[in-house]
Amino acid sequence: MMKNIQMLGVWVTATLMMHYTVANAQKYGIIPQPQSVVEREGEFRIDRKTVFLVSVDDSSFVEVAENLATRIKAVSGMKIYVKKGEGQSASKAVVFEKKEGMQIEEYALNISPRKIIITASHPNGLFYGVQTICQLLPPEIYGKRQTKGIRWSIPCCEIKDAPKFSYRGMMLDVGRYFMPKNFVMKFIDLLAMHKQNAFHWHLTEDQGWRIEIKKYPKLTEVGACRKETTGYEGAVGDGKPHGGFYTQEDIREVVEYARQRYVTIIPEIELPGHSSAAIAAYPELSCFPERNYEVPTGWGVKKDVLCPNAKTFMFLEDVFTELFDLFPSPYYHIGGDECPKDRWKESVYCQDLKKVLGIQTEDELQIFFVHRMDKFLREKGGKKIIGWDEILDGDAVPSTIVMSYRGHAPAMKALSRNMYTILTPNRWCYLDYYQEDPEKEQKSQGLFLPLKKVYNYYPISDTLSVDKHKFILGMQGCIWTEFIQTPDRVEYMAFPRTVAMSEVAWCDKSNKNWESFCERMVKEFKRLDQKEVGYSKAFYNVIFNFDRDEKYPKTLVLTLDMPKCIIRYTTDGSTPTSQSSVYREPLTVREGDCIQAQGFTAQGKPIGVEVSKIFK
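This report concerns the structure included in the present document. By convention here, each chain's residues receive numbers from 1 onward along its written sequence. Local features in this predicted model are restricted to residues of pLDDT 70 or higher, and side-chain atom pairs are both shown and tallied only at a pLDDT of 80 or more, whereas totals for entire chains, interfaces and linings draw on every residue. Excluded from the side-chain calculation are hydrogens and water; included are all heavy atoms of the structure.

### Considerations on the environment of Gln207
Rule in force here: The helix count covers DSSP runs of H or I at least four residues long, the strand count covers runs of E at least two residues long, and both are numbered beginning at the N terminus. Three labels apply to residues, based on accessible area from a 1.4 Å probe with only protein chains included: buried if under 20% of the type maximum, exposed if over 50%, partly exposed otherwise in between. The contact definition used throughout considers only heavy atoms, calling two residues in contact when any of these lie within 4.5 Å.
Structurally, the position occupied by Gln207 is in the loop between strand 10 (204-205) and strand 11 (208-209). Accessibility expressed as a relative area gives 0% for Gln207, which makes it buried. Separated by 89 residues in sequence, Gln207 and Pro296 have C-alpha atoms that sit 5.3 Å apart. For Gln207, the residues in contact, after removing those within four places along its chain, are Gly175, Arg176, Arg226, Val295, Pro296, Gly298, Trp299, Gly300 and Lys302.

This is how it looks when you write it as structure tokens:
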């Protein structure tokens, strides 16, 4: 059922017919950028005479066509009929055409004034062709209600497109803060809109177990709620209980929703570390069941981890057996990171087990733990296992897929072993980092990750030998929620940076263009407005770039993502106006200087908000 992630291999980008130009970027506004776009004169207008024709007897092709027809009716009131056949007699038609020999996510579009032909070999590619059509339509196509007076027209063009990487994902951590089912579905919808095909659902953590397991009801009765949140060590608790979990019926609903959008949901059950919530529910999973446990209220790595004994392995096998019926994904994530060995060192059982296994260290005990669960998941569930890059710290199972988050070094280690790898290096892919001035923005994780830095990332390093490229499945963004308490905050932190990430994962490096992307984002923000996404407005604001560790005087570089705008600034404490100095080159600032800056259009209209900083 879930075929949108190619199991072994990556896409090869064809020679480009024509790159997007900055000049035509806003006209089409497609994100991620297609392999080729050839401009044509005229437009195709959807009206009440338009017919959708599915030229093949394929229920999945019909489903994609019907879903588009339903979307058009919801915003325009027009009922579009979906019919089977070649449609030679139709005066105005959108034809959903099946052509053998194309890659699983490849599609082609031929748009003329009387006909649109969407060609694909697989429903995945057909779905992505539809996403491109939606982006070519007015942004109101993404609205929730009928809108009158809209000309539902699509500019004529010819597009050929396929992704560079087979894995294009986002991770959402719901363990620290629970996110409601409806929001999860909205998030998946936004991924599909940008041709991302994997949703990594981080379902269990020290601070909360978020999925119903019928054989172990205490996982949600006890493990899904903490008495309050203290955050990192030393913080004062908020005194507010926090909890929530997804029933198995919720999971089935979300999985089906994702299936229709060609998004594979990859569940993550953390083991053997980050399992304090499970231990609070079932102390016998620990090395010391006689001790008292509760769901932790604070963040950080916890010393209480799963004990590698028969009860624990039976528990985990029971949990995954229930998950097999819920998540058809070929991939399951088992964590494997940040597992302190303190309790294992204390445990007589663990020390005896080491002797039985003939091993010397607790690190080898973790390898034994991960190997055993990997074997169960492969043999009983037919799953491919993904783990955080700590699984490389030992004799990793070669078939395991490595998710490299501690930079590129772990990825290089995995690739040297010919292990398939997904890149999610934190300095480019962790969207819980600041995207605006850390001194003024709500508390987040410590690094600064603006939109341009996200966009400029690429998973394949220039030094990687060509024969290793095939082992890079793709990349993923991660949203950890220690400082992201609500769905609104997720949207603010995730967008528009997730949009940039979608283009990085879809495009060949030669087909990326920052200036073109910024032009296309002008239309993209209108689409996000229609989807009611509470995204960051940093795109419209001047960004102050300087080395915080540099001694005074410092060099200050001002940048602005919004295209065709001028940065004006002042140094005397006054508000910048259309007559203020134009920023043209880096500034030298001294301790005590105050710089105030704002963007202006060529016509002198201010955009975004004034940004100011006193250097001290």
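### Points about the environment of Asp488
Topologically, Asp488 is positioned in helix 15 (residues 487-494). With relative accessibility at 58%, the residue Asp488 sits in the exposed group. Between the alpha carbons of Asp488 and Ser404 there is a distance of 28 Å; along the sequence they are 84 residues apart.

### Some thoughts on the nonpolar core
Rules: Here the nonpolar core consists of buried residues drawn from Ala, Val, Leu, Ile, Met, Phe, Trp, Tyr and Cys, with membership extended through side-chain atoms lying within 4.5 Å.
If you look at the biggest cluster of nonpolar residues, it comprises 187 residues, and the most contacted ones within it are Trp201, Phe320 and Phe327. Not counting chain neighbours up to four residues away, the residues in contact with Phe327 comprise Trp201, Leu203, Ile211, Ile251, Val255, Ile265, Pro267, Tyr332 and Lys383. One finds Ala396, Val402, Ala414 and Met419 within the second-largest nonpolar core, a separate group that totals six residues.

### Let's talk about the packing of aromatic side chains
This is how the line gets drawn: Any Phe, Tyr or Trp ring, taking Trp's six-membered ring, that has another such ring centre within 6.5 Å forms a pair; planes under 30 degrees apart are called stacked, those over 60 apart edge-to-face, and the others tilted. Over a ring means this: the NZ of a Lys or the CZ of an Arg is within 6 Å of the ring centre and within 35 degrees of the ring normal.
Within this structure, the stated rule accounts for 39 aromatic pairs. Relative to Tyr262, the ring of Phe127 lies with its centre 5.4 Å away and its plane at 45 degrees, an arrangement referred to as tilted. Taken together, the residues Phe127 in helix 3 (residues 123-136) and Tyr262 in the loop between helix 6 (248-259) and strand 14 (264-271) connect sequence positions 135 residues apart. Since its relative accessible area comes to 8%, Phe127 is described here as buried. Owing to a relative accessible area of 9%, Tyr262 belongs among the buried residues under this scheme. Among the aromatic residues, those joined into a ring-pair cluster are Phe178, Phe183, Phe187, Phe199, Trp201, Tyr246, Phe327 and Phe495. A cation over an aromatic ring shows up here: Lys79 above the ring of Tyr81, its NZ or CZ 5.4 Å from the ring centre.

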